[in-house]
Amino acid sequence: MSRFSFWGEKTVISTRFRSVFAAAMFSMASAYVLILTDNVAAGQLVGENAVVSMTLVFPLITFIIFVSYLIADGLAMMLSYAQGRGDRERVNQLFSMGVLLAVGVGLVFVAGMFFFRENLLAFWAISPQLMGYARDYYNGLLFYAPLMFLNVFFYTVFVAEGQERVCVIGAICTFVVNALLDIVLCLQIGVMGVGIATSCGLLAAVLVQLYFLNGGRSRLRFRWYWHTKDVLYGVVYSFYHSLDTLFLSLLPVALSSCVISHFGEEHMIVVTVAVNLLTLIIALYTGLVDCLQPMICQYHAEENLHSIQKTMDIGIRATVLISLLFTALGMALAGFLPMLFGVRDEQMIAETVAAVRCFLLFIVFLGCTLMYSNYYIYIEKRNYGALLKVFLLLGFPYVGMEMGALCSMNEMWLGTGAGFVLAYVFNAFWTGSKGKLFLDKEKLARQYSYDTDCTTEKVVALSRQVAEDMAVADITPQQRNLLIVLVEEIGTHASRRAADKPFQMEFSILLGEKNASDLTLIVRDNGSPYDIIKTAQQGKFTYQDYFIESITVNCLRRVYLASGDENRMILRIGA
């Protein structure tokens, strides 16, 4: 089989992961660049104090992002489970509830931010000058919440639907609008203009997404549908999944409080640069999590353990690579970062560079443990996944930073990073003999997974392999013969369709818990959609279409499902 550079064999799963990965990395990196652009514009056009004041408002922004994922993630997980079951009506219901929830909660946030403005800003005991900048930036963000809620929800749904390109187009529009307005408005009205530019960038993305939804190019359909119990279930799922975003909003508060209490307000710029770097890191890891979420949830709904295992192998490999590349790049550019944020004092520059380099040493442990914590939530081990997030992003780092701060600023950052290592070690110790993926070993042994390119030679070889494996499997002779024929016929059919544009296939055979019980065959491909069953029933068939349709007519379940980046045929074969 052909290979990617580090993705391993080119399979249906690796191709899908790469597609979502590229879109997610672009979207998340763009989201960070917007924050960076805001800080750079304020630092260069207004001054260092403006950047510090924006950092104080940043926990509120992060909390809004947390609520946006609280709205989106649970419903998106339920939507992915529904996709795994092939229930399109349920998908549309969940999508519609998400839109209504995002708009409703967004309007509540607008009202709350307007009426409780002074209460929220009074949390920080800072100088009048910093408070003036913070208030201006806050005022520019009054309509930020509903736009962020809609943008994040649409993003998660489009990724689950295999329509990542819409997310990329929206991210490009957001960046262009935000970057241009940052300069224009910041020169005209100062820090408030930066907040307004951020909101306008999000508005541009939402308009692109709405255009796509209403343009007939999406299979999603809005319904005036509401079911409170479903929404509450979604919020519960989201809460577990979105804890990393919540803790990301609390960690800067803890760092800021620690620095102010131990070293003084003048050292806050160090936290500003480090928090911006942490935000980029988490954004990249969130992009990887977005790759895992629709795939793991769908495979979990199918009880397809081999596909789960293959997806996580790719996810962890990508996490390690990104972490190492980011560490190397960050170490090389650490001396440039303080000046980018308008820092001029030599001592502050030195402290910031040291803090960045201390922090970067440990991010590979942060990334891998974050992947596992979210994975546990996807496979419905939510309590353990949430506990691991508490230890990773708040508990261990907080203890480490406080202990390190007793010695020096550098030790504070080293202590924070050591907290990530402790969380990784805790997870390895706790999972123990069960394995980090918590896969049922007996069920895994009763499942088979095969990847192949769609060529005649590869399909014939695969058919022989399936025949050898099924010869020793605990299934009936009728099931064995039907499986061998189906693999060869469906594979040959795909190889003919792949003559002009080659693609890959995955055959998953899931045996029942008892010997000689019902089994499931799941066939995936990443080619153009082609429903053999529907084509044969409509009378537009080739002989091979007719043959496949006729030998599967007595299957207990027979369904074909197409999405933006893969197609599935699910056949349940009785004993």
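Help me understand the overall build of the chain, please; the structure alone is not making it clear to me.
A count of helical and extended segments in the chain gives 22 helices and five strands. Residues counted as buried form 60% of the 575 residues belonging to the chain. Of all intrachain contacts in the chain linking residues separated by at least 6 positions in sequence, the fraction that spans at least 24 positions is 77%. Put simply, the chain shows about 23,000 Å² of open surface, and 63% of that area lies on carbon and sulfur atoms.

It is not clear to me how unusual backbone geometry should be interpreted in this structure. Could you clarify?
Trans peptide bonds make up the majority, and among non-glycine residues the majority have a negative phi. Phi is positive for Glu380, which is not a glycine, with a value near 70 degrees. Take Glu380: its relative accessible area is 40%, and that puts it in the partly exposed class. The phi torsion at Phe438 lies on the positive side, around 55 degrees, for a residue other than glycine. When you line up the elements, Phe438 lands in the loop between α17 (409-431) and α18 (441-445).

Explain the pattern of salt bridges to me, please; I cannot follow it from the model alone.
Charged atoms that come close allow side chains of opposite charge to pair. Enumeration over the complete set of coordinates arrives at eleven salt bridges. A salt bridge links Lys310 to Asp451; its shortest N-O distance comes to 2.8 Å. With a gap of 141 residues between them, Lys310 in helix α12 (residues 305-333) and Asp451 in strand β1 (residues 447-453) connect regions that are remote in the sequence.

What is the right way to look at the packing of helix α11 (residues 268-302) against helix α14 (residues 346-360) in this model?
Each packed pair of helices is defined by two parameters, the angle between the axes and the distance between the axes. In the contact formed by α11 and α14, the axes pass within 9 Å of each other and the chain directions differ by 30 degrees. Here α11 is positioned roughly parallel relative to α14, judged by the angle of their axes. You can see that α11 and α14 cross each other, and the crossing is right-handed. Along its contact with α11, which presents Ile269, Val270, Val273, Leu277, Leu278 and Ile281, the element α14 presents Met348, Glu351, Thr352, Ala355, Val356, Phe359 and Leu360.

Just checking my understanding: could you explain the packing of aromatic side chains for this structure?
What characterises a pair of aromatic rings is the spacing of the ring centres plus the angle enclosed by the ring planes. Within the structure shown, the criterion is met by 21 aromatic pairs. Aromatic side chains Phe154 and Phe158 sit 6.4 Å apart centroid to centroid with 40 degrees between the ring planes, which places their arrangement in the tilted category. Residue Phe154 and its partner Phe158 are located together in helix α6 (residues 144-160), separated by four residues, close to a single helical turn. When the ring of Phe365 is compared with that of Tyr424, the centres are 5.6 Å apart and the planes differ by 75 degrees; the resulting orientation is edge-to-face. Of this pair, Phe365 sits in helix α15 (residues 363-378) while Tyr424 sits in helix α17; the two residues are 59 residues apart in sequence, bridging distant segments of the chain. Over the aromatic face of Phe438 sits the side chain of Lys381, whose NZ or CZ is 5.0 Å from the ring centroid.

Looking at this structure, how should I read the pairing of strand β3 (residues 519-525)?
If a strand is regular, its side chains alternate between the two faces of the sheet. Among the seven residues that make up β3, seven are buried, leaving the element largely enclosed by the rest of the structure. Neither face of β3 is open: one carries Leu519, Leu521, Val523 and Asp525, the other Thr520, Ile522 and Arg524, and all of them are buried. Of the strand pairs in this sheet, strand β2 (residues 504-510) and β3 are connected by six bridges, and their pairing is antiparallel. Its bridge partner being in β3, Ile509 is matched across the sheet by Leu521. In this sheet, strand β5 (residues 567-573) lies alongside β3 in antiparallel orientation, the contact comprising seven bridges. For Leu519, the partnering residue across the bridge sits in β5 and is Ile573.

Which parts of the structure should I look at to understand the environment of Leu392?
Mapped onto the elements, Leu392 comes out in helix α16 (residues 382-405). Classification of Leu392 by relative accessible area gives buried; the value is 0%. Once the C-alpha coordinates of Leu392 and Ala423 are considered, the two residues, 31 residues apart in sequence, prove to be 5.1 Å apart. Those residues within four positions of Leu392 in sequence are excluded, and the remaining contacts are Leu366, Thr369, Leu370, Pro397, Phe420 and Ala423.

I tried to follow the packing of α11 against α12 on my own but got confused; where do I start?
As a packed pair, α11 and α12 sit with axes 10 Å apart at the nearest point and diverge in direction by 170 degrees. By the criterion of interaxial angle, the relationship of α11 to α12 is roughly antiparallel. Facing Leu277, Leu280, Ile281, Leu284, Tyr285, Leu288, Leu292, Met295, Ile296, Tyr299 and His300 of α11, the residues of α12 in contact are Ser307, Ile308, Thr311, Met312, Gly315, Ala318, Thr319, Ile322, Ser323 and Phe326. Of the residues that constitute the contact of α11 with α12, the class distribution is 15 nonpolar, six polar and no charged.

Quick question: what am I supposed to make of a nonpolar patch on the surface here?
Together, Ile172, Phe175, Val176 and Leu180 make up an exposed nonpolar region whose accessible area comes to about 340 Å². Structurally, Ile172 is set in helix α7 (residues 164-189).

Explain the sheet that holds β3 here, please?
Neighbouring strands of a sheet are bound in pairs by backbone hydrogen bonds; such pairs are parallel or else antiparallel. Strand order in the open sheet made by the five strands is β1-β2-β3-β5-β4, with antiparallel pairing throughout. Each of the sheet's edge strands pairs with one partner strand only, and the pair in question is β1 and β4 (557-562). Strand-to-strand, the axes of this sheet are offset by a mean angle of 10 degrees, without reference to chain direction. Strands in contact with α12 are β1, β2 and β3; relative to β1, the strand with the most contacts, it is inclined by about 55 degrees.

Is there a simple way to explain the side chain of Thr156 in this structure?
Take Thr156: it is sitting in helix α6. By relative accessible area, Thr156 is classed as buried at 5%. Looking at Thr156, its side chain comes within polar contact range of the main-chain oxygen of Phe153, at 2.8 Å.

Sorry if this is basic, but what is going on with the environment of Ser242 here?
Tracing the backbone through its elements, the reader meets Ser242 in the loop between α9 (228-241) and α10 (243-262). Contact partners of Ser242, with chain neighbours within four places excluded, come to Phe66, Tyr69, Leu70, Asp73 and Lys389.

What exactly am I supposed to notice about the environment of Gln465 here?
Positionally, Gln465 belongs in helix α19 (residues 456-471). The sequence separation of Gln465 and Ile484 amounts to 19 residues, and the corresponding C-alpha distance is 9.4 Å.

I tried to follow helix α22 (residues 543-551) on my own but got confused; where do I start?
An α-helical turn contains 3.6 residues, so any two residues separated by three or four positions project in the same direction. What α22 keeps buried is the set Gln544, Asp545, Ile548 and Glu549. One side of α22 holds all its buried residues, which, seen down the axis, span an arc of 135 degrees. The elements touched by buried residues of α22 are α20 (477-497), α21 (532-537) and β4.

Calculation notes
- Residues numbered from 1 in each chain as written.
- Predicted model: local features only at pLDDT ≥ 70, side-chain atom pairs only at ≥ 80, totals over all residues.
- Heavy atoms only, no water.
- Helix = DSSP H or I, 4+ residues; strand = E, 2+ residues; numbered from the N terminus.
- Buried < 20%, exposed > 50% of the residue type's maximum accessible area, 1.4 Å probe, protein only.
- Contact = heavy atoms within 4.5 Å.
- Areas by Shrake-Rupley, 256 points an atom, 1.4 Å probe, with all protein chains shown as cover.
- Salt bridge = Lys/Arg side-chain N within 4 Å of Asp/Glu carboxyl O.
- Axes fitted to C-alpha atoms, helices over the stretch in contact; angles between N-to-C directions.
- Parallel < 35°, antiparallel > 145°, perpendicular 65-115°, else oblique.
- Left-handed = near helix turned anticlockwise from the far one by under 90°.
- Phe/Tyr/Trp six-rings, centres within 6.5 Å; stacked < 30°, edge-to-face > 60°.
- Lys NZ or Arg CZ within 6 Å of the ring centre and 35° of its normal.
- Pairing = 2+ DSSP bridges.
- Nonpolar A, V, L, I, M, F, W, Y, C, P; charged D, E, K, R; others polar.
- Patch = residues over 30% accessible without salt bridge, like charges linked within 9 Å, V, L, I, M, F, W, Y side chains within 5 Å.
- Polar contact = N/O pair within 3.5 Å; in protein donor to acceptor, adjacent residues only side chain to side chain.
- Arc of directions from axis to C-beta.

Nothing here speaks to function; it is geometry throughout.
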